[in-house]
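Chains, contacts and geometry: an overview
Each chain, written out:
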Amino acid sequence: MPIFDKDIALDMGTTGVMLYTRGKGVQLREPTLVAVDKYSGKLMKVGEEAQKMLGRTPASIVPIQPIVGGVISDYDMTVAMLRELMKRVTSLSLFKPRVLVCVPGSITGVEERAVVDAVTEAGARKVYLVESAVATAYGAGIDVSKPDGHLIIDIGGGTTETAVVSLGGVAECESIKTAGAAFDEAII
């Protein structure tokens with residue numbers, strides 16, 4: 001991998017963030033969590049390090065989940081989290097990376113713009129969006145370029161998405177805000 005160019009695929013979920021770099025595979029798999037000093041607003045820790053702090057810190061340090069239901073709920077903390085995580089995988093690169101981001105198929109235009117702006121502000125040169133159902137189909141080895149319909153069910157941490165993928169895109173999509181985290185809570 002040259003130090004001049006870096007391509008990253010980013011999956012920002014409600015419970016976890018995954019960063020994949022071309023040629024190296026999955027580089028980071030971290031919880032979608034930041035620890036912040038509530039008086040100064042200063043970012044203390046990100047991901048696993050923030051999760052380890054839960055219950056072990058003074059009341060002045062609070063955990064924030066910047067992505068809820070598969071969309072950005074705290075823009076500034078999302079940018080700070082992404083900046084830190086992207087820095088970890090691009091530390092030797094001389095140029096800003098191109099970033100492919102998985103987004104829910106039911107994302108609105110405003111939410112889409114927030115994702116592009118947040119990733120750009122975090123340090124991306126160019127941002128590309130792909131619907132998570134299409135990315136899931138490619139990851140499963142399904143040839144989505146044919147006119148065959150494939151039902152994809154993606155149960156994430158915060159949303160469950162069902163989609164029919166055909167001809168390289170999503171033909172039909174439905175998303176609900178109940179998923180893995182709610183299932184875990186119900187079991188507990």
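Cut-off values and rules
Residues numbered from 1 in each chain as written. Predicted model: local features only at pLDDT ≥ 70, side-chain atom pairs only at ≥ 80, totals over all residues. Heavy atoms only, no water. Helix = DSSP H or I, 4+ residues; strand = E, 2+ residues; numbered from the N terminus. Rg over C-alpha atoms; globule rule 2.2 N^0.38 Å. Buried < 20%, exposed > 50% of the residue type's maximum accessible area, 1.4 Å probe, protein only. Contact = heavy atoms within 4.5 Å. Areas by Shrake-Rupley, 256 points an atom, 1.4 Å probe, with all protein chains shown as cover. Pairing = 2+ DSSP bridges. Axes fitted to C-alpha atoms, helices over the stretch in contact; angles between N-to-C directions. Core = buried A, V, L, I, M, F, W, Y, C linked by side-chain atoms within 4.5 Å. Expected span 1.5 Å × (residues − 1). Arc of directions from axis to C-beta. Polar contact = N/O pair within 3.5 Å; in protein donor to acceptor, adjacent residues only side chain to side chain.

1. Section: the overall build of the protein chain
Scanning the protein chain from terminus to terminus reveals five helices and 13 strands. By the compact-globule yardstick of 16 Å for 188 residues, the protein chain fits well, its C-alpha radius of gyration being 17 Å. Along the first, second and third principal axes, the C-alpha atoms of the protein chain reach 55 × 45 × 30 Å. Among the 188 residues that make up the protein chain, the fraction classed as buried is 40%. If you take every contact in the protein chain between residues at least 6 apart in sequence, the share linking residues at least 24 apart comes to 50%. Just so you have it, the protein chain exposes about 10,300 Å², and 55% of that area is on carbon and sulfur atoms.

2. A closer look at the sheet that holds strand β11 (residues 150-155)
Judged by pairing direction, the sheet is antiparallel, and its three strands sit side by side in the order β11-β12-β13 without closing on themselves. Sheet topology places β11 and β13 (169-176) at the edges, where each strand pairs with a single neighbour. Across the sheet, the mean angle from the axis of one strand to that of its neighbour is 15°, orientation sign disregarded.

3. Comments concerning the nonpolar core
In a soluble, globular protein the nonpolar side chains are often hidden away together inside. Judged by nonpolar contacts, the single largest core of 29 residues is most densely connected at Leu10, Leu19, Met81, Val99, Val101, Val115 and Val119. Contributing elements (two or more residues each) for this core: β1 (7-12), β2 (16-21), β4 (34-37), α2 (75-89), β9 (98-103) and α3 (109-122). Here this core gets seven residues from one element, more than from any other, and that element is α2. Other than its neighbours up to four places away in sequence, Val115 contacts Met12, Ile72, Val101, Val103, Ile107 and Leu129. With nine residues, the next largest nonpolar core counts Ala133, Val134, Val144 and Val165 among its residues.

4. Some details on the sheet that holds β1
In spatial order, the strands read β3-β2-β1-β9-β10; together these five strands make up an open sheet with mixed pairing. The sheet is open, and its two borders are formed by β3 (25-31) and β10 (126-131), each paired with just one other strand. With direction set aside, neighbouring strand axes in the sheet form an average angle of 20°. Summarising the sheet, β1 and β9 pair through five bridges and their orientation is parallel. Bridging across to β9, Ile8 finds its partner in Val99. Packed on one face of the sheet, helix α4 (residues 132-139) meets β9 and β10 and runs near 80° to β10.

5. A few points about the pairing of β11
Bridging between β11 and strand β12 (residues 160-166) involves six bridges; their strand directions are antiparallel. For Leu151, the partnering residue across the bridge sits in β12 and is Val164. Linking β11 back to β12 in an antiparallel pair, the connection comprises four residues.

6. Concerning α3
Counted at 1.5 Å a residue, the expected span for α3 with its 14 residues is 20 Å, and the 20 Å between its end C-alpha atoms agrees. If you check which residues of α3 are buried, you get Val115, Val116, Ala118, Val119 and Ala122. The buried residues of α3 occupy an angular sector of 165° when projected down its axis, which confines them to one face. Residues of α3 that are exposed and angled more than 90 degrees away from the buried face: Gly109 and Val110.

7. Some points on the side chain of Glu30
Its place among the elements puts Glu30 in strand β3. One polar contact links Glu30 to Arg88, side chain to side chain, over a distance of 3.4 Å. Non-local contacts of Glu30, meaning those with residues more than four positions away in its chain, are made with Thr15, Gly16, Val17, Val46, Gly47, Glu48, Leu85 and Arg88.

8. Quick notes on the pairing of β1
As judged from the five bridges shared by β1 and β2, these two strands associate in the antiparallel manner. Its bridge partner lying in β2, Leu10 is registered against Leu19. Linkage of β1 to β2, two consecutive antiparallel strands, is achieved through a turn of three residues.

9. Re the side chain of Ser166
Along the polypeptide, Ser166 turns up in strand β12. Residue classification places Ser166 among the buried residues on the basis of a relative accessible area of 17%. In contact with Ser166, not counting residues within four places along its chain, are Val144, Lys146, Pro147, Asp148 and Gly149.

Taken by themselves, the reported measurements are silent on function.
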